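In case you want the letters, here they are:
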Amino acid sequence: MSDYEMMDKEEIYSKVLRAGRRTYFFDVRATKAGDYYLTVTESKKFTNDDGSFHYKKHKIYLYKEDFTEFKEILAEMTDYIINEKGQEVISERHQKDFKREDNFVAQEAKTLEDTKTTESFTDISFDDI
């Protein structure tokens, strides 16, 4: 792999947001020309029937020329949602009369346990996506 290809994959600055079964990775990377761009990767954990698990990942690339409009539209959309629906999360599992199945409760506990044990792990590569 050439120095330019290495630079293209090099992470300059990174942040991680863990949100339940989803994890968001924000990575500043360098282009071959030496400029910077942002990748945002959503990784969602799924548990297989046999108890093992796998991740599905989705990535977007955001370049400097789109930053201003992207930020404006993101702010507009998030403000719209909060103005229309408020801060409270509205979903089936957050309703007062929601009854979880025992298997679901056990699965959620396992997911939380897995999250705790993997929080310190940061050596992850998404280049295969």
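Refer to the structure above for everything that follows.
One structure accompanies this document, and this report is about it. Keep in mind it's a predicted model, so treat the numbers as computed, not measured.

## Digging into the side chain of Lys 44
Looking at the secondary structure, you find Lys 44 in strand S3 (residues 36-47). In this structure, Lys 44 is buried with no salt-bridge partner, the nearest side chain bearing the opposite charge being Glu 42 at 6.3 Å. Ignoring sequence-local partners within four residues, the contact set of Lys 44 consists of Arg 21, Arg 22, His 54, Tyr 55 and Lys 56.

## So, the environment of His 58
Take His 58: it is sitting in strand S4 (residues 53-63). For His 58 and Thr 41, which are 17 residues apart along the polypeptide, the C-alpha to C-alpha distance reads 5.5 Å. Ignoring sequence-local partners within four residues, the contact set of His 58 consists of Val 40, Thr 41 and Glu 42.

## Describing the packing of aromatic side chains
For any pair of aromatic rings, the description consists of the separation of the ring centres together with the inter-plane angle of the planes. Taken as a whole and assessed by the stated rule, the structure comprises three aromatic pairs. Taking the centre distance of 5.8 Å and the plane angle of 85 degrees together, the rings of Phe 53 and Tyr 55 count as edge-to-face. The positively charged end of Lys 56 is found above the aromatic ring belonging to Phe 46, 5.0 Å away from the centroid.

## Overview of the pairing of strand S1 (residues 11-19)
Pairing of S1 with strand S2 (residues 22-30) involves eight bridges; the strand directions are antiparallel. Residue pairing across strands places Glu 11 opposite Arg 29, the latter belonging to S2. The antiparallel hairpin formed by S1 and S2 contains two residues in its connecting segment, where Gly 20 sits at a positive phi of about 65 degrees.

What counts and how
- Residues numbered from 1 in each chain as written.
- Predicted model: local features only at pLDDT ≥ 70, side-chain atom pairs only at ≥ 80, totals over all residues.
- Heavy atoms only, no water.
- Helix = DSSP H or I, 4+ residues; strand = E, 2+ residues; numbered from the N terminus.
- Buried < 20%, exposed > 50% of the residue type's maximum accessible area, 1.4 Å probe, protein only.
- Lys, Arg positive; Asp, Glu negative; His and termini not counted.
- Salt bridge = Lys/Arg side-chain N within 4 Å of Asp/Glu carboxyl O.
- Contact = heavy atoms within 4.5 Å.
- Phe/Tyr/Trp six-rings, centres within 6.5 Å; stacked < 30°, edge-to-face > 60°.
- Lys NZ or Arg CZ within 6 Å of the ring centre and 35° of its normal.
- Pairing = 2+ DSSP bridges.

Scope: geometric values only; no functional claims are made or implied.
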